[in-house]
Amino acid sequence: GDHSWEPSLAGCNTTACHNGALTSVTDNSRQTTFKTLLTTLESKLKTAGLLDATNAPVKGTYTTEEAAALYNYVWLKDDRSNGVHNFPYLERLLTNSIAVLP
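We now turn to the structure provided with this report. Keep in mind that this is a model prediction, so the values were computed, not measured.

### A few points about the side chain of N72
Along the chain, N72 turns up in helix α3 (residues 64-79). A relative accessible area of 11% places N72 in the buried class. Residue contacts for N72: discarding those within four places in its chain leaves L93 and S97.

In structure tokens form, the structure reads like this:
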């Protein structure tokens, strides 16, 4: 397939190319779900003291699960794709990250 990184799905057969993992640009429900989960994770990370008021990671010693949840948040926030690529995986990643925090 064409991986020119153009912001268009024109010509990409999501079934053959990405096996259904690529979310349609018009599938706002998945993007809304992704943003909601990311916001929930952000809130829990702040409550746990892993993020400061500006959403920057707080230096410290954390459990493996806390460090993984913080890493996942920073990675997915910085990615800025809003869950467009492989939504089922990212949804599970966010759900699991939320579950390990108090």
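What follows picks up the thread again.
### A short note on the packing of helix α2 (residues 28-47) against α3
Between α2 and α3, the least distance of the axes is 10 Å, while the angle of their chain directions is 135°. Considering the angle they form, α2 stands oblique to α3. For the pair α2 and α3, the crossing hand works out as left-handed. When α2 is examined against α3, the residues F34, L38, L41, E42 and L45 are found in contact with a partner set consisting of A69, L70, Y73, L76 and K77. Classifying every residue of the contact of α2 with α3 by side-chain character gives eight nonpolar, no polar and two charged.

### Points about the pattern of salt bridges
Taken as a whole, this structure holds one salt bridge when the rule is applied. Notably, a salt bridge pairs E42 with K77, separated by 3.8 Å at the nearest N-O pair. Of the two residues, E42 is situated in helix α2 and K77 in helix α3; the sequence distance between them amounts to 35 residues. Since its relative accessible area comes to 15%, E42 is described here as buried.

### Overview of the side chain of S97
Relative to the helices and strands, S97 is located in helix α4 (residues 87-99). Residues contacting S97, with those up to four places away along its chain left out, are L41, A69 and N72.

### As for α2
With 20 residues, α2 should reach 28 Å at 1.5 Å per residue; the first-to-last C-alpha distance of 28 Å fits that figure. Listed in full, the buried residues belonging to α2 are Q31, F34, L37, L38, L41, E42 and L45. Looking straight down α2, one finds that the buried residues subtend no more than 140° of arc, so they occupy a single side. At the exit of α2 stands G49, carrying a positive phi of roughly 85°.

### Side note on the packing of α3 against α4
Between two packed helices, the angle of one axis relative to the other and the distance separating the axes together describe the packing. Put simply, α3 and α4 touch, their axes get as near as 9 Å, and they point 140° apart. Comparing the axis directions of α3 and α4 gives the class oblique. As for how α3 packs across α4, the hand of that crossing is left-handed. Together, A69, N72, W75 and L76 of α3 and Y89, L90, L93, L94 and S97 of α4 make up the contact between the two elements. Tallied by class, residues from the contact of α3 with α4 come to seven nonpolar, two polar and no charged.

The rules we used
- Residues numbered from 1 in each chain as written.
- Predicted model: local features only at pLDDT ≥ 70, side-chain atom pairs only at ≥ 80, totals over all residues.
- Heavy atoms only, no water.
- Helix = DSSP H or I, 4+ residues; strand = E, 2+ residues; numbered from the N terminus.
- Buried < 20%, exposed > 50% of the residue type's maximum accessible area, 1.4 Å probe, protein only.
- Contact = heavy atoms within 4.5 Å.
- Axes fitted to C-alpha atoms, helices over the stretch in contact; angles between N-to-C directions.
- Parallel < 35°, antiparallel > 145°, perpendicular 65-115°, else oblique.
- Left-handed = near helix turned anticlockwise from the far one by under 90°.
- Nonpolar A, V, L, I, M, F, W, Y, C, P; charged D, E, K, R; others polar.
- Salt bridge = Lys/Arg side-chain N within 4 Å of Asp/Glu carboxyl O.
- Expected span 1.5 Å × (residues − 1).
- Arc of directions from axis to C-beta.

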